[in-house]
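# Structure at a glance
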Amino acid sequence: MDRSERIAALRKAEDLLNEAADLMDEALHMSGMEGRTAGSSETIRRIASSPEFGGSLANIARDMGYEDIEQPCWTQPLISPKNQPFDAARKTYIDSNHSQE
């Protein structure tokens, strides 16, 4: 699956989740059981489309589309501790640009 197929699949999943949330709301409206879902349809909508939730399908699809576009330098850290080798004996990160003694 290439990137465009992944983006299309995420957008389809987003649409389906929003449709499912709408169906839930419609089915439960005036049923007397609305309280049992405790906001489940809103949670589903958040996962599908929330611009504030970084893990929403909409945001993930949008981010996948930006991979080919050069991003400003301040959005890309020069170094990341999670990607650097760690010297447990010295309790420090290993700087790959300088040799160790």
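Look above for the structure.
A brief report on the enclosed structure follows. (Residues numbered from 1 in each chain as written. Predicted model: local features only at pLDDT ≥ 70, side-chain atom pairs only at ≥ 80, totals over all residues. Heavy atoms only, no water.)

### A word on the overall build of the protein chain
For the protein chain, the count of helices and strands is three helices and two strands. Start at the N end of the protein chain and walk to the C end: the helices and strands fall as α-α-α-β-β. Buried positions account for 15% of the 101 residues belonging to the protein chain. Excluding contacts between residues fewer than 6 apart, the proportion of contacts in the protein chain whose partners are at least 24 apart in sequence is 40%. Total accessible area on the protein chain is roughly 8200 Å²; 55% of this is exposed by carbon and sulfur atoms. (Helix = DSSP H or I, 4+ residues; strand = E, 2+ residues; numbered from the N terminus. Buried < 20%, exposed > 50% of the residue type's maximum accessible area, 1.4 Å probe, protein only. Contact = heavy atoms within 4.5 Å. Areas by Shrake-Rupley, 256 points an atom, 1.4 Å probe, with all protein chains shown as cover.)

### A word on the packing of helix α1 (residues 3-28) against helix α3 (residues 57-65)
Orientation of α1 relative to α3, taken along the N-to-C sense of each, is 165°, at an axis distance of 9 Å. Classified by the interaxial angle, the pair formed by α1 and α3 is roughly antiparallel. Two packed elements cross with a definite hand, and for α1 against α3 that hand is left-handed. Facing α1, whose interface residues are Arg3, Arg6, Ile7, Leu10, Arg11, Ala13, Glu14 and Leu17, α3 presents Leu57, Ala58, Ile60, Ala61, Met64 and Gly65. (Axes fitted to C-alpha atoms, helices over the stretch in contact; angles between N-to-C directions. Parallel < 35°, antiparallel > 145°, perpendicular 65-115°, else oblique. Left-handed = near helix turned anticlockwise from the far one by under 90°.)

### Concerning the packing of α1 against helix α2 (residues 40-49)
Packed helices, taken two at a time, are described by the angle between their axes plus the distance between the axes. At their nearest, the axes of α1 and α2 sit 9 Å apart, and the two run at 165° to each other. Taken together, the axes of α1 and α2 are roughly antiparallel relative to one another. As α1 runs across α2, the sense of the crossing is left-handed. Here α1 contributes Glu14, Leu17, Asn18, Ala21, Asp22, Met24 and Asp25 to the contact with α2, which in turn contributes Ser40, Ser41, Ile44, Arg45, Ile47, Ala48 and Ser49. When the residues that make up the contact of α1 with α2 are grouped by side-chain class, the tally is six nonpolar, four polar and four charged. (Nonpolar A, V, L, I, M, F, W, Y, C, P; charged D, E, K, R; others polar.)

### A few points about the environment of Glu19
Relative to the assigned elements, Glu19 resides in helix α1. The spacing of Glu19 and Ile44 is 25 residues in sequence and 9.8 Å in space, taken between C-alpha atoms.

### Description of the pattern of salt bridges
Following the criterion strictly, the structure yields three salt bridges and no others. Notably, a salt bridge pairs Arg45 with Asp22, separated by 2.7 Å at the nearest N-O pair. Taken as a pair, Arg45 in helix α2 and Asp22 in helix α1 lie far apart in primary sequence, 23 residues in all. In this structure Asp22 comes out as partly exposed when scored by relative accessible area, which is 43%. Glu42 serves as the salt-bridge partner of Arg45, at 3.1 Å between the closest nitrogen and oxygen. (Salt bridge = Lys/Arg side-chain N within 4 Å of Asp/Glu carboxyl O.)

### Looking at unusual backbone geometry
Here the phi dihedral of Met30 falls at roughly 65°; this positive angle occurs in a residue that is not glycine. Using a relative accessible area of 70% as the deciding quantity, one classes Met30 as exposed.

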